[in-house]
Amino acid sequence: MLQLPSSKHINTISLSSSSSHSLLFYFSLFPPLKMEKLNSSGLARTKSDQLVETVAAAFKSPTSSEAAAVAAEGGSGTLSRKSSRRIMGASPGRGSGSAKGSTHIRKTRSAQMKFDLDEVGSGAALSRASSASLGFSFSFTGFTVPADEIADSKPFSDDDDIPEDLEAGNRKAKFQTEPTMPIYLKFTDVTYKVILKGMRTNEEKDILNGITGSVNPGEVLALMGPSGSGKTTLLNLLGGRTAKGNIGGSINYNDQIYSKNLKSRIGFVTQDDVLFPHLTVRETLTYAALLRLPKTLTKEQKEKRAVDVIYELGLERCQDTMIGGTFVRGVSGGERKRVCIGNEIIINPSLLFLDEPTSGLDSTTALRIVQMLQDIAEAGKTVVTTIHQPSSRLFHKFDKLILLGKGSLLYFGKASEAMVYFSSIGCSPLIAMNPAEFLLDLANGNINDVSVPSELEDKVQMENSEADTRNGKPSPAVVHEYLVEAYETRVADEEKKKLMVPIPLDDELKLKISFSKREWGASWWEQFSILFRRGIKERKHDYFSWLRITQVLSTAVILGLLWWQSDSNTTKGLEDQAGLLFFIAVFWGFFPVFTAIFTFPQERAMLTKERAADMYRLSAYFVARTTSDLPLDLLLPVLFLVVVYFMAGLRLSAETFFLSMLTVFLCIVAAQGLGLAIGATLMDLKRATTLASVTVMTFMLAGGFFVKKVPVFISWIRYMSFNYHTYNLLLKVQFEDIRPTINGSSTDCSLTAVGALVAMVFGYRLLAYLSLRRMKLQVGA
């Protein structure tokens, strides 16, 4: 007996009996509603009555020629997304052998009869829920619906059962971008191994074992599997983001191997949202457009493209809101994910990779993201995404599916046929469940609430060992082995044969991939200026934070009070002022080092991401990053010296004051270079901080300030110490006319000290740049 759900639930009802019986049964389920009176026109039909009449008018049996035409039109057996907006007759599939001559309307995710029991009761149009696996779907047979009536009937529109994301505002038009070069992605027997270094021996571990698949333009390929199954590794391999490890098999883009020229045609959205927290949505996308779009476009055209992407992604409401981060309030998680996608689609890529774009989002926002991926694919792009436990609505929106388990391929094919395939090998859900949950359970080897194939039952009875069974059921290892073997024997060879078919592309397009030149979106100077402006906007919040200003000014006030109006005319007063100058040299040598250490380790993820996408030259980034800090770094020392200089009663002369200021500036820039070099070399904050502490302490001790007679084998370190040279320069500026030596330090060493500090400014930065180049090679960017 069929139990109809309550009016609170949405179900897809289709009837697979003869036409007349089907119509009578439908009327018995959904009686026409009472009509309401209208003031102007008397009685009017309710929407449900109109829908019933539409179905009744369409319930005429098609002529033989029409039936043949419909069958021929659906010969592919599966509807493409572009044709899924209208109902088509599907070709005879697995069940077409039972020939009754009737034309079946094949159920696809967007081409199916959709009725909402709840909305029928209220006189509204009917919509569907993706509950194909719950056992509530049947098939209407024996009729076709005219295309013009379907076009006017909203219940058959796929967009109607996409709930609107409240964060996104009004839904905008689909992506209307310029045509892109189609890229057909094929990969055969892809393997990946890593070497685990142990104390004595190295162990080789298999991450991927012979993965085969393909995806064409206009399709969305989903990579599914439990945690640790190799989804992200496979995605990185396909996107050319993995350089280390033992890689096997073949990955072809339009029958060509990967080359760096493809970077400009590939978009890659990482799992973590790597964005600058203090930039707004508009600024983030504008900077990406200025750096990544080709030189042939003007600045105004690039900025307009950024605005277009904002409206395409539904981000117009939050375009002037900061991105935000851990300690900064900003946009929501769904908006942040859309900004990351916008960063990649802004270049109109031919191939788009996404790593778990729906993780951490609610079901409505996740559905909005996946619908957006569908729109991107419809524009002729190839989309590949990893997905972790999607809802049933999300699952039915993918064109192709790859199911991974422990690095092995368990299924590759159309997502709509996955349940049919696993049923054919004896694995079917015993209760109604989400297809994605069912597939993930199988990938984990969990067969609770799943029918056990007869082959596994026989194996359990034959072996009957505790190692292979759990409560009379096969262990996860046995289930995994069975699924891998079933796919290899039944499907794998057929799929590999399909991949041998050449791609229907002109030779010109293949040559365009092979021999296209690597082009930058902007010149070196334009990249430098854009990155310089971006760096100023991003870090001005940190440099002008009240914590840092309070730290510097409070230290200056304390020093001014301790050395209040000291007199340099006496020997004691002169020595006191020399102590103040020593503290200034140490403070402004120590402070910038530990500020600059955080520069590259904190931006490592962003640098890796942007360099992997060829957004800019590393040299342009390095110069812009180091110079954009200077204006901000030199403002606080000015405030510090203004307070200390006049409170302590140092030499009142404009020339002396500005020379002292320049000396401190030179010390700060040299100390920054050391911090940049240490941070770029180690790329680890704990190790970098430890090394910097030891280095600065060694420079200070070896300078001869505490030990008058420093051993010869260690005394050379003083010439590498910016504290030592800064202190000597400050003594010369203040006391050159008063005394030739103070506390054993000469006041006549200006040229040597200035030359040493200038050498440190450029030498330490060169070391930092070379360290970044080495890091670039390691990450494979």
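If you're wondering where the values come from, they're calculated on a predicted model, not measured in any experiment.

(A) Structural detail: the overall build of the chain. Secondary structure summary: the chain contains 28 helices and 15 strands in total. For the chain, buried positions account for 51% of its 781 residues. Once local pairs closer than 6 in sequence are excluded, the contacts in the chain between residues at least 24 apart make up 74%. Total accessible area on the chain is roughly 36900 Å²; 57% of this is exposed by carbon and sulfur atoms.

(B) Inspection of the pattern of salt bridges at higher detail. Inspection of the entire model under this criterion finds 17 salt bridges. The residue Asp-273 makes a salt bridge to Lys-337 at a minimum N-O spacing of 3.0 Å. Here Asp-273 is found in the loop between strand 7 (266–269) and helix 7 (281–292), whereas its partner Lys-337 is found in helix 9 (residues 333–345), with 64 residues between them in sequence. Overall, Lys-337 belongs to the buried group, its relative accessible area being 3%.

(C) Focus on a nonpolar patch on the surface. A cluster of nonpolar residues, Val-694, Met-697, Leu-701, Phe-706 and Val-707, forms a patch on the protein surface that exposes about 460 Å² of accessible area. Examined against the element boundaries, Val-707 turns out to sit in the loop between helix 25 (685–701) and helix 26 (712–715).

(D) Representation of the packing of aromatic side chains in the model. For the structure on display, the rule yields 27 aromatic pairs. On the basis of an interplanar angle of 55° and a centroid distance of 6.4 Å, the ring pair of Phe-600 and Tyr-621 is categorised as tilted. In this pair, Phe-600 is assigned in helix 20 (residues 599–602) and Tyr-621 in helix 22 (residues 618–633), connecting sequence segments 21 residues apart. This pair shows no difference in class: Phe-600 is buried, exactly as Tyr-621 is. Centre to centre, the rings of Tyr-719 and Tyr-724 are 6.3 Å apart; their planes meet at 80°, and the pair counts as edge-to-face. Of the residues examined, Tyr-719 reaches a relative accessible area of 52% and is grouped as exposed. Overall, the relative accessible area of 15% leaves Tyr-724 in the buried class. A connected cluster of aromatic rings, assembled from ring pairs, spans Phe-583, Phe-587, Trp-588, Phe-591 and Phe-640.

(E) Structural context of unusual backbone geometry. Unlike most non-glycine residues, Asp-189 shows phi in positive territory, near 50°. Note on placement: Asp-189 falls in strand 3 (residues 185–197). Even without being a glycine, Asp-614 presents a positive backbone phi close to 55°. As for its position among the elements, Asp-614 is in the loop between helix 21 (604–612) and helix 22. Assessed through its relative accessible area of 9%, Asp-614 is described here as buried.

(F) Spotlight on the pairing of strand 7. A two-sided burial pattern is seen for strand 7, the buried positions comprising Ile-266 and Phe-268 on one face and Gly-267 and Val-269 on the other. In this sheet, strand 8 (residues 351–355) lies alongside strand 7 in parallel orientation, the contact comprising four bridges. Paired with Val-269 across the bridge in strand 8 is Leu-354.

(G) Expanded view of the packing of helix 22 against helix 24 (residues 654–682). Between helix 22 and helix 24, the least distance of the axes is 12 Å, while the angle of their chain directions is 135°. As summarised for this structure, helix 22 and helix 24 are arranged oblique, according to the angle between their axes. In this structure, helix 22 meets helix 24 at a crossing whose hand is right-handed. Contacts from Thr-626, Asp-629, Leu-630 and Asp-633 in helix 22 reach Val-669, Gln-672 and Leu-676 in helix 24.

(H) Geometry of the confidence of the model for the chain. Mean pLDDT for the chain: 77, with 71% of residues reaching 70 or above. In the model of the chain, strand 2 (residues 42–44) stands out as the element of lowest mean pLDDT, 37, in contrast to strand 5 (residues 220–224), which has the highest, 97. Every residue in residues 1–173 scores below 50 in pLDDT, and together they form 258 contacts with partners more than four places removed in sequence or on other chains. A low-confidence stretch, residues 777–781 stays under pLDDT 50, and its non-local contacts, those more than four residues away or across chains, total nine contacts.

Criteria and cut-off values
- Residues numbered from 1 in each chain as written.
- Predicted model: local features only at pLDDT ≥ 70, side-chain atom pairs only at ≥ 80, totals over all residues.
- Heavy atoms only, no water.
- Helix = DSSP H or I, 4+ residues; strand = E, 2+ residues; numbered from the N terminus.
- Buried < 20%, exposed > 50% of the residue type's maximum accessible area, 1.4 Å probe, protein only.
- Contact = heavy atoms within 4.5 Å.
- Areas by Shrake-Rupley, 256 points an atom, 1.4 Å probe, with all protein chains shown as cover.
- Salt bridge = Lys/Arg side-chain N within 4 Å of Asp/Glu carboxyl O.
- Patch = residues over 30% accessible without salt bridge, like charges linked within 9 Å, V, L, I, M, F, W, Y side chains within 5 Å.
- Phe/Tyr/Trp six-rings, centres within 6.5 Å; stacked < 30°, edge-to-face > 60°.
- Pairing = 2+ DSSP bridges.
- Axes fitted to C-alpha atoms, helices over the stretch in contact; angles between N-to-C directions.
- Parallel < 35°, antiparallel > 145°, perpendicular 65-115°, else oblique.
- Left-handed = near helix turned anticlockwise from the far one by under 90°.
- pLDDT = per-residue confidence, 0-100.

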